[in-house]
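# An overview of the molecular structure
One-letter residues, chain by chain:
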Amino acid sequence: MGEIESKPPTQVIIEACSIVPGRVESHSLSVNNVTKPSSSSSSSSSSSSSILTRLHAGYFRISLSLGGQAMLWKVLTEPNGVSSQHVWHVFHKLPSKLCLLLWCLAVLTQISLTFLYILRCLFHFHLVKAEFVHHIGVNYLYAPWISWLILLQSAPRGLPNSSIHYLVLCWIFTIPLAMLDIKIYGQWFTTEKRFLSTMANPTSQISVIGNLVAARAAAQMGWKESAVFLWSLGMVHYLVLFVTLYQRLSGGNSLPLILRPTFFLFFAAPSMASLAWNSITGTFDTTSKMLFFFSLFLFSSLACRPFLFKKSMRKFNVAWWAYSFPLSFLALAAAEYAQEVKGRAATVLMLVLSVMSVLVFLGLMLLTAANTDQLLSETDPMERFYNNLKT
């Protein structure tokens with residue numbers, strides 16, 4: 001007894017339990033069998049929950065870039081009646097399956113992101129509401145619908161623009177854009193705390209791009225009046241936004257450094273406006289050329305200032321995909337311009353911008369594949385905003 005009392009309490013319990021070792025073994029087995037599955041199931045549920053909490057609407061920049069690249073290749077490879085330029089014959093000889101494969105990849109990515117975002121709306125709706133009140137996150141709520149419209153316009157020739165399916169899908173994807181316009185544009189001049197002068201940032205131009213993409217889709221269906229309405233709505237707000245951002249009325253701290261790639265949206269909007277007006281009028285007229293030249297000037301201004309993006313390029317982030325689809329829109333406008341002018345300089349310009357767009361796209365694809373663990377990074381500005389809301 002003296003030896004037992006001198007031992008620690010834990011060993012007294014062990015020796016007491018050693019009288020019936022069969023039960024101890026059975027209890028230990030049962031504990032091991034219970035704790036391991038519970039830990040694995042909790043880790044899997046936490047990982048799936050973390051994906052839904054961090055996947056905001058800004059991730060649709062990936063499918064938007066894929067769709068823009070698919071639309072670029074569709075325009076370059078489809079017959080256009082231009083026979084004087086040898087370069088168009090080279091594009092026409094490219095395999096059509098390559099464009100189809102790129103479009104299928106874009107659709108698969110868009111479906112996957114849409115499914116995950118629907119789950120986010122179901123299980124974490126408070127985070128979706130947080131996006132809506134954030135001055136940057138609210139603009140990316142346009143991105144899913146823009147992506148669907150671009151995928152619709154870049155679809156293979158088996159889906160003609162005059163078909164009933166094309167018309168129905170176009171309206172399904174356009175109506176949410178109009179509802180967002182009424183809500184957000186109305187707040188800019190009626191809600192005191194959400195005036196444009198305090199809310200404007202480069203991502204605000206995504207709403208303009210949404211209207212212009214919808215205008216191009218309506219024009220391709222032959223709905224000219226609807227197309228002009230959407231085009232005018234987008235361009236008027238683009239002019240107001242451009243003047244506001246040009247004068248820096250919203251202050252210099254409204255956009256985090258990591259989102260500097262969104263500066264490319266400055267020339268994405270006039271590039272898409274040029275394409276939309278070309279679809280409305282049926283020709284690349286003076287208005288389309290003016291918008292294209294303006295977007296080309298803005299692109300040159302940004303390209304001459306690489307140090308502007310130096311701090312945002314230190315670590316991979318999904319915001320880098322903002323480089324891709326504006327370049328695709330600019331290359332598309334250059335292709336339409338080259339078809340209209342039929343000059344050597346215009347063809348060279350189209351080639352340079354197209355090659356640049358493809359290289360940036362392929363580089364982002366490789367970087368994304370090599371940094372999949374950083375796609376849902378906690379350094380994302382939207383993730384920080386959600387964490388601040390929780391605290």
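In case you missed it, the structure is sitting above this.
Anyway, here's the lowdown on the structure attached to this text. (Residues numbered from 1 in each chain as written. Predicted model: local features only at pLDDT ≥ 70, side-chain atom pairs only at ≥ 80, totals over all residues. Heavy atoms only, no water.)

Bringing the packing of aromatic side chains into the picture now. Applying the stated rule across the entire model yields 23 aromatic pairs. Ring geometry for F293 against Y337: centres 5.5 Å apart, planes inclined by 75°, an arrangement best described as edge-to-face. A residue pair is termed long-range when its members are at least 10 positions apart, and F293 in helix α14 (residues 286–303) and Y337 in helix α15 (residues 324–341) qualify at 44 residues. For F293, a relative accessible area of 41% puts it in the partly exposed group. By relative accessible area, Y337 is classed as buried at 14%. Geometrically, the ring pair formed by F316 and W320 is edge-to-face, given 5.2 Å between the ring centres and 80° between the ring planes. As far as burial versus exposure is concerned, F316 and W320 are alike and both buried. Taken together, the ring pairs in this structure connect Y238, F242, Y246, F263, F266 and F294 into an aromatic cluster. (Phe/Tyr/Trp six-rings, centres within 6.5 Å; stacked < 30°, edge-to-face > 60°. Helix = DSSP H or I, 4+ residues; strand = E, 2+ residues; numbered from the N terminus. Buried < 20%, exposed > 50% of the residue type's maximum accessible area, 1.4 Å probe, protein only.)

All right, on to the side chain of E131 then. Mapped onto the elements, E131 comes out in helix α7 (residues 125–133). Within the structure, E131 has its side chain in polar contact with the backbone nitrogen of A57 (distance 3.1 Å). (Polar contact = N/O pair within 3.5 Å; in protein donor to acceptor, adjacent residues only side chain to side chain.)

The subject of this paragraph is the environment of V213. Among the structural elements, V213 can be located in helix α11 (residues 205–220). As a C-alpha pair, V213 and M272 span 59 residues in sequence and 6.8 Å in three-dimensional space. Setting aside anything within four residues of it in sequence, one finds V213 in contact with I146, L149, I150, Q153 and M272. (Contact = heavy atoms within 4.5 Å.)

Residues other than glycine seldom take positive phi values, yet K342 does so here, at roughly 60°. Within the fold, K342 resides in the loop between α15 and α16 (344–370). For K342, a relative accessible area of 43% corresponds to the partly exposed category.

We now examine the pattern of salt bridges. Going through the model one piece at a time under the given rule, you end up with one salt bridge. Of the charged contacts, one joins R120 and E131 as a salt bridge, the two residues approaching to 3.1 Å between their closest N and O atoms. Of the two residues, R120 is situated in helix α6 (residues 96–123) and E131 in helix α7; the sequence distance between them amounts to eleven residues. Overall, E131 belongs to the buried group, its relative accessible area being 1%. (Salt bridge = Lys/Arg side-chain N within 4 Å of Asp/Glu carboxyl O.)

Time to look at the packing of α11 against helix α13 (residues 265–281). For the pair α11 and α13, the least separation of the axes is 8 Å and the interaxial angle reads 15°. With respect to α13, the axis of α11 lies roughly parallel. Between α11 and α13 lies a crossing of left-handed hand. In this structure, α11 uses Q205, I206, V208, I209, L212, V213, A215, R216, A219 and Q220 to contact α13, whose residues at the interface are L265, F266, A268, A269, M272, A273, L275, A276, S279 and I280. Counted by class, the contact of α11 with α13 contains 16 nonpolar, three polar and one charged residues. (Axes fitted to C-alpha atoms, helices over the stretch in contact; angles between N-to-C directions. Parallel < 35°, antiparallel > 145°, perpendicular 65-115°, else oblique. Left-handed = near helix turned anticlockwise from the far one by under 90°. Nonpolar A, V, L, I, M, F, W, Y, C, P; charged D, E, K, R; others polar.)

Our focus in this paragraph is α7. Three or four residues apart is the spacing at which side chains of an α-helix point the same way, because the helix has 3.6 residues per turn. Buried within α7 are the following residues: L127, V128, A130 and E131. Angularly, the buried residues of α7 cover 155° about the axis, an arc narrow enough to put them on a single face. Exposed residues on α7 whose side chains face more than 90 degrees from its buried face are H126 and K129. (Arc of directions from axis to C-beta.)

A cluster of nonpolar residues, I164, V168, L169 and I172, forms a patch on the protein surface that exposes about 330 Å² of accessible area. One can find V168 in helix α9 (residues 164–190). Under the relative-accessibility criterion, V168 is labelled partly exposed at 40%. (Patch = residues over 30% accessible without salt bridge, like charges linked within 9 Å, V, L, I, M, F, W, Y side chains within 5 Å. Areas by Shrake-Rupley, 256 points an atom, 1.4 Å probe, with all protein chains shown as cover.)

With that settled, consider the packing of helix α12 (residues 224–246) against α14. As a packed pair, α12 and α14 sit with axes 15 Å apart at the nearest point and diverge in direction by 35°. The way α12 lies across α14 gives a crossing that is left-handed. In this structure, α12 uses W231, M235, Y238 and F242 to contact α14, whose residues at the interface are L291, F294 and L298. Residue classes in the contact of α12 with α14 are distributed as seven nonpolar, no polar and no charged.

Another aspect to go through is the environment of T109. Along the chain, the position of T109 falls in helix α6. Separated by 49 residues in the primary sequence, T109 and F60 have C-alpha atoms spaced 8.9 Å apart. If sequence neighbours within four positions are ignored, T109 has contacts with I62, S63 and L66.

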